[in-house]
Amino acid sequence: MTSHDDQIALLQQRYGSQTKPNNIHWTPQVEAMLSHRSVRTFLSKPLPEGALETMIAAAQSASNSSALNQWSLVAVTDSELKQKISNTVALTVPTDRIPWIEEAPVLLLWVADLSRSEKITKEQGGDPIVLDYLDSFLMASIDTSLAAQNASLAAESMRLGVVFLGVMRNAAEEIAKIVNLPSYSFITFGMAVGHPDPSRFSSIRPRPAQPMVLHHNYYQSNEFTSYLEKYEESLFDFRVKQGMKIKTWQEAVYSAATSMKYMGGREKLRQTVTKKGFKLL
Ligand SMILES: Cc1cc2nc3c(=O)[nH]c(=O)nc-3n(C[C@H](O)[C@H](O)[C@H](O)COP(=O)(O)O)c2cc1C
């Protein structure tokens, strides 16, 4: 556990100049979670022995819907294969390289996986009709996300860094082929994992003040607007400190909601998912 001053500093980084929660129970887990930042710069060292097993044990310890174990993980360590996946994804974004995939010693592909359920059901002579519903796809995707988040916390507790990679879905069909994914399975996202490069370390990215996301008993539809200005201020300070291009959060929200370029190929997702056997009824 770090000192009280460190805890104040963590809240300062997480909320910037906004109103901060003042009643945090600083358990070691809470402190670890509040320290999270995505890491996109890695040393070329491999993961420590046992790190992957530890992450998977943490992932498997997450709650999962009806204990059906409907996720899988493809851990890509072969550097040629990793480069091939990176190149494939790079074709879908405005850059010809995605250095954090290339630098990370391991690329994890988190797979929402109903293929085992399908097989087990069919082997017993059943018709897996439930798997054809959107809820089954969503359930597997939710479970995959919970597992991945647990794995990322485990990684961070071992002083490794991670970044989730939704960009994998830009080339979902191609990557599924490259790694031989069966029907009824789908890469929800990737995750680059490795030793953070201390000379290019990232800062904690501020989040909105709690009242912007927390509603007591009833949802207050327009309350969030009164917290925007302060959030923008905190993000502005973060971006300046990180040497990032200045844009407001609301501009980012706008462009994520209006720009098909932002989708980077994910607009074809329904076709890709249904090609993998899911019917999404
Ligand atoms: C499901 C998911 C997909 C993401 N995809 C990408 C991605 O493709 N590329 C990337 O650089 N960051 C990606 N991120 C990381 C987010 O950009 C990052 O979590 C967010 O900016 C907040 O920053 P922080 O994680 O440092 O707090 C993703 C995060 C999540 C949860």
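Here, every reference points to the structure presented above.
Residues numbered from 1 in each chain as written. Predicted model: local features only at pLDDT ≥ 70, side-chain atom pairs only at ≥ 80, totals over all residues. Heavy atoms only, no water.

Caption draft 1: Region of interest: the overall build of the protein chain. Scanning the protein chain from terminus to terminus reveals 13 helices and four strands. Here the C-alpha atoms of the protein chain give a radius of gyration of 20 Å, agreeing with the 19 Å that 2.2 N^0.38 yields for 281 residues. The dimensions of the protein chain, computed from C-alpha atoms along their principal axes, are 60 × 50 × 40 Å. Looking at the 281 residues of the protein chain, the share that counts as buried comes to 41%. For the protein chain, long-range pairs separated by at least 24 residues make up 78% of all intrachain contacts whose partners lie at least 6 apart in sequence. Working note: accessible area of the protein chain is about 16,000 Å², and carbon and sulfur atoms make up 55% of it. Between the averaged position of the 29 positive side-chain charges in the protein chain and that of its 28 negative side-chain charges there is a distance of 4 Å. (Helix = DSSP H or I, 4+ residues; strand = E, 2+ residues; numbered from the N terminus. Rg over C-alpha atoms; globule rule 2.2 N^0.38 Å. Buried < 20%, exposed > 50% of the residue type's maximum accessible area, 1.4 Å probe, protein only. Contact = heavy atoms within 4.5 Å. Areas by Shrake-Rupley, 256 points an atom, 1.4 Å probe, with all protein chains shown as cover. Lys, Arg positive; Asp, Glu negative; His and termini not counted. Charge placed at Lys NZ, Arg CZ, Asp CG, Glu CD.)

Caption draft 2: Layout of the side chain of Asp132. Considering the arrangement of structural elements, one finds Asp132 in the loop between helix 6 (115–123) and helix 7 (134–157). Residue Asp132 is classed as buried on the basis of its relative accessible area of 10%. With near-sequence residues (within four places) excluded, Asp132 lies in contact with Tyr184, Gly277, Lys279, Leu280 and Leu281.

Caption draft 3: Main features of the packing of aromatic side chains. Considering all chains together, one arrives at six aromatic pairs under this definition. Centroid distance Trp71 to Trp110: 5.5 Å. Interplanar angle 50 degrees. Geometry classified as tilted. Of the two residues, Trp71 sits in strand 1 (residues 71–76) while Trp110 sits in strand 2 (residues 106–113), which places them 39 residues apart along the sequence. Assessed through its relative accessible area of 0%, Trp110 is described here as buried. Between Phe137 and Phe278, the aromatic rings sit 5.0 Å apart at their centres with planes inclined by 70 degrees, giving edge-to-face as the arrangement. One end of the pair, Phe137, is in helix 7; the other, Phe278, is in the segment after helix 13 (269–275), with 141 residues separating them in the sequence. For the pair formed by Phe137 and Phe278, the shared burial category is buried. An aromatic cluster is defined as three or more aromatic residues linked by ring pairs; in this entry it consists of Phe137, Tyr184, Phe186 and Phe278. Sitting over the face of the ring of Trp100, Arg40 holds its NZ or CZ atom 5.9 Å from the ring centroid. Taking NZ or CZ as reference, Arg266 lies 5.1 Å from the ring centre of Tyr262, over its face. (Phe/Tyr/Trp six-rings, centres within 6.5 Å; stacked < 30°, edge-to-face > 60°. Lys NZ or Arg CZ within 6 Å of the ring centre and 35° of its normal.)

Caption draft 4: A look at the site of the ligand. Near the ligand you find His36, Arg37, Ser38, Arg40, Trp100, Val163, Phe164, Leu165, Gly166, Val167, Arg205 and Arg207, and these make up its full shell. With respect to the ligand, the side chain of His36 contributes an N or O atom lying 2.7 Å from an oxygen atom. Residue Arg207 places a side-chain N or O atom 2.8 Å away from an oxygen atom belonging to the ligand. Computed on the free molecule, the ligand has an accessible area of 620 Å², of which 67% lies beneath the protein chains in the complex. Looking at the shell around the ligand element by element, the count peaks at three residues for strand 3 (residues 161–165). In terms of residue class, the shell around the ligand is made up of five nonpolar, three polar and four charged. (Near = heavy atom within 4 Å. Polar contact = N/O pair within 3.5 Å; in protein donor to acceptor, adjacent residues only side chain to side chain. Nonpolar A, V, L, I, M, F, W, Y, C, P; charged D, E, K, R; others polar.)

Caption draft 5: Geometry of the sheet that holds strand 4 (residues 185–194). Strand order across the open sheet formed by four strands is 1-2-4-3, with antiparallel pairing between neighbours. Edge positions in the open sheet fall to strand 1 and strand 3, since each of these has one partner strand only. Neighbour to neighbour, the strand axes of the sheet diverge by 25 degrees on average, direction disregarded. As paired strands, strand 2 and strand 4 are joined by eight bridges and run antiparallel to one another. Each bridged residue has a counterpart across the sheet, and for Trp110 the counterpart in strand 4 is Phe189. (Pairing = 2+ DSSP bridges. Axes fitted to C-alpha atoms, helices over the stretch in contact; angles between N-to-C directions.)

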